[in-house]
Amino acid sequence: MKFASSAKFAAVAVTAALALTACGGGGSSSGGSAGPVDGKGKKLSVLVNSNANYPAQQKQWFTDIAAKFKAQTGADVEFETFASGNDELTRIQTSVVSGQGPDVYSLGTTFTPTAYATKAFVTLSDDDWKKVGGKDRFNPAALGISGPDAQHQAGIPFVSRPFVMAYNKDLLKAAGIDKPATSWDELEAQAKKMTNPTTGTFGLATGYKDNFDPWKFIWAMSVQAGNPLVDGKTLKLDDPTVKKAYETYFGWLTKDKVVDPASVGWSNSNALAAFASGKAGYLMMTTSSSVPTLEKSAVAGKYAYATMPTAAPGQTSPQGDAANAASILSGDNVVVADYSKQKDLAFAYVNLITSKDEQLNYQKIFGDLPANAEALKALTDPTLQPVADTAAKSKATPFTGAWGDIQLALVNVVVQSIPDLSKGSVDDSTLQARLKDAQTKGQASLDRASK
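Since the model is a prediction, treat every value here as computed from it, not as a measurement.

About the thresholds
Residues numbered from 1 in each chain as written. Predicted model: local features only at pLDDT ≥ 70, side-chain atom pairs only at ≥ 80, totals over all residues. Heavy atoms only, no water. 1 Å grid on protein atoms, 1.4 Å probe; cavity = no way out; pocket = protein on both sides within 12 Å on 5 of 7 lines; lining within 4 Å. Points joined across faces, edges and corners; volume = space filled by probe spheres on them. Helix = DSSP H or I, 4+ residues; strand = E, 2+ residues; numbered from the N terminus. Nonpolar A, V, L, I, M, F, W, Y, C, P; charged D, E, K, R; others polar. Axes fitted to C-alpha atoms, helices over the stretch in contact; angles between N-to-C directions. Parallel < 35°, antiparallel > 145°, perpendicular 65-115°, else oblique. Left-handed = near helix turned anticlockwise from the far one by under 90°. Contact = heavy atoms within 4.5 Å. Core = buried A, V, L, I, M, F, W, Y, C linked by side-chain atoms within 4.5 Å. Buried < 20%, exposed > 50% of the residue type's maximum accessible area, 1.4 Å probe, protein only. Pairing = 2+ DSSP bridges. pLDDT = per-residue confidence, 0-100. Salt bridge = Lys/Arg side-chain N within 4 Å of Asp/Glu carboxyl O.

Student: Describe the layout of surface pockets, listing the residues and the values that go with them.
Tutor: The space that makes up the second largest pocket amounts to roughly 230 Å³. As for the second largest pocket, its lining consists of Pro113, Tyr116, Ala117, Pro148, Phe399, Thr400, Gly401, Ala402, Asp405, Ser445, Arg448 and Ala449. Secondary-structure elements contributing two or more residues to the lining of the second largest pocket are helix H4 (112-117) and helix H17 (428-450). Tallied by class, residues from the lining of the second largest pocket come to 7 nonpolar, 3 polar and 2 charged.

So this is what it looks like as structure tokens:
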């Protein structure tokens, strides 16, 4: 990756940041920190997502950042990991009930509302923001799901991860395709042109058994069709748009046959490997974190990123606000446990990992866009411009304490359907029953959260 001054990319990044209206304001804007913290003889516990794509690199990063933190504070860092959305939610719930656990949690942005609703994590004061470098240290767009409003925020942005699709320029050209699809129907048509089972080449690469991402397809297609999934106190998983979304997503495997049959058992790391080998036209629901892998692969110099379709299935152009729902507002937030006996040490850790230099180092290793505003402006790789553009077309998931359960309910419909998908189809009545069950359980969670 290249880092230098670049007015063009900086302008794109800043435009993307300002285009999102759901961003933080108010509070302290001081760029300074609260000064050194004496942590000699202490140990800080930090929970993070296990990085399936770069496990060795993550292990090394743990070692390196712990050494830097020790040099700054005298304290040790103990890292723990979670491997799935279910695991993530369980860890939050267990710590809330017991009043003990990690001092710092690195959570996917969509789990921030759930964490906030528990009241077990620090709602940041002006002084707390100073301890992590000031609120203006961060890209304003990254603050869009830190809390219910600008005055009540618990999530400190760590990295930004807008979802896009990568495409193989050579395969698109060979199929006579001039530009990437902008509607889901067009994507299906293009994928068919690039699919050749004889050569093992398929139009799309995606992982149906991934622990995190299948629900994001359903969210995108449903929201683009005008269904926000959560409408006030009402859950709408039993809406026809949701069923249509699952039918489209499952149909790539069962009806259109534009994905490798083996993808029914794939995680996204498997899909990334397939695309990297040159065997797929599109890699779906990926992020800039795929850059380190692709730059060392058979498609280096032959791929590019594009915004995912924003026209819902059955439509040829975006309707209403669909153009602004290309991706969830995605990334990782860091929260500090309210039960922690060493909050100053926790904030010192967050201050370190969100500093410009550490954010650029993290981006170079893992590919995720920095949440630090200065670090984001310093990126110059033109490959990342479509990713920054997508940040301006990202939409926050509903800020409700029930969202974690709703998200998992959407994933569980896919999990329950894996055996049927392996056999070639999911019948209509079975899908209806699974959606009804998800609706019932999700509505109950939303009811509890609304009280």
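Student: Go over the packing of helix H8 (residues 214-224) against helix H9 (residues 240-254) with me, naming the residues and quoting the values.
Tutor: At a minimum axis distance of 8 Å, the contact between H8 and H9 shows a crossing angle of 130 degrees. As summarised for this structure, H8 and H9 are arranged oblique, according to the angle between their axes. Both H8 and H9 take part in a crossing whose hand is right-handed. Contacts between H8 and H9 involve Pro214, Phe217, Ile218, Met221 and Ser222 from the former and Thr241, Val242, Ala245, Tyr246, Thr248, Tyr249 and Trp252 from the latter. Here the contact of H8 with H9 is composed, by residue class, of 9 nonpolar, 3 polar and no charged.

Student: An account of the nonpolar core is needed here, citing residue identities and associated values.
Tutor: Of all hydrophobic cores here, the largest spans 56 residues; its most connected members are Tyr246, Trp252 and Tyr282. For this core, the secondary-structure elements that each account for two or more residues are strand S5 (164-168), helix H7 (184-194), H8, H9, strand S9 (280-286), strand S10 (303-306), helix H16 (403-423) and H17. Per-element tally for this core: the top contributor is H16, with 9 residues.

Student: Describe the sheet that holds S10, and please don't skip the residues or the numbers.
Tutor: Strands sit in the order S6-S9-S5-S10 across an open sheet of 4 strands; the sheet is mixed. Of all strands in the sheet, those bounded by a partner on one side alone are strand S6 (202-205) and S10. Ignoring strand direction, the axes of neighbouring strands in this sheet form an average angle of 20 degrees. Where S6 and S9 come together, 3 bridges link them in parallel fashion. Bridge pairing in S9 links Leu204 to Tyr282. Here helix H10 (residues 268-276) sits on the sheet and contacts S5, S6, S9 and S10; the angle it forms with S9, its principal contact strand, is near 150 degrees.

Student: Before we move on, could you go through the confidence of the model for the protein and cite the residues and values that matter?
Tutor: Of the residues in the protein, 92% reach a pLDDT of 70 or more, and the chain-wide mean stands at 90. Taken as a whole, residues 1-32 scores under 50 in pLDDT and shows 78 contacts with residues more than four places along the chain or in a different chain.

Student: Go over unusual backbone geometry with me, naming the residues and quoting the values.
Tutor: For Leu229, which is not glycine, the phi torsion reads 75 degrees and is therefore positive. Structurally, Leu229 can be placed in the loop between H8 and strand S7 (230-231). Its relative accessible area of 0% is what places Leu229 among the buried residues. Of note, the phi angle at Met285 is positive, near 50 degrees, even though the residue is not glycine. Mapped onto the elements, Met285 comes out in strand S9. Take Met285: its relative accessible area is 5%, and that puts it in the buried class.

Student: How would you explain the sheet that holds strand S13 (residues 369-370) if you had to name every residue and give the values?
Tutor: The 6 strands are arranged S2-S1-S3-S12-S4-S13 in an open sheet whose pairing can be described as mixed. At either end of the open sheet lies a strand with only one pairing partner, and these are strand S2 (76-82) and S13. Inspection of the sheet shows strand S4 (residues 156-160) paired to strand S12 (residues 331-336) by 4 bridges, in the antiparallel sense. Residue pairing in the sheet places Val159 in a bridge with Asp332 of S12. Sitting on the sheet, helix H2 (residues 55-73) is in contact with strand S1 (43-49), S2 and S4, with an inclination near 150 degrees to S2. Across the sheet, helix H12 (residues 343-353) is in contact with S1, S2, strand S3 (104-108), S4 and S12; its angle to S12 comes to roughly 155 degrees.

Student: Go over the pattern of salt bridges, please, and point to the residues and values.
Tutor: Summed over the entire model, instances satisfying the criterion amount to 16 salt bridges. Lys131 is the partner of Asp127 in a salt bridge, and the nearest nitrogen-oxygen pair spans 3.6 Å. Linking Asp127 with Lys131, this pair stays in helix H5 (residues 126-131), spanning 4 residues, or about one helical turn. A residue is classified by how much of its surface remains accessible, and Asp127, at 41% relative accessible area, is partly exposed. Look at Lys131 and you get buried, because its relative accessible area is 17%.

Student: Give a description of the pairing of S3 that names residues and reports values.
Tutor: Burial within S3 is extensive, with 5 of its 5 residues counted as buried. Taken together, the 2 bridges between S1 and S3 define a ladder with parallel strand orientation. Its bridge partner being in S3, Val46 is matched across the sheet by Val104. Where S3 lies against S12, 5 bridges are found, and the strand directions are antiparallel. Residue pairing across strands places Ser106 opposite Val334, the latter belonging to S12.

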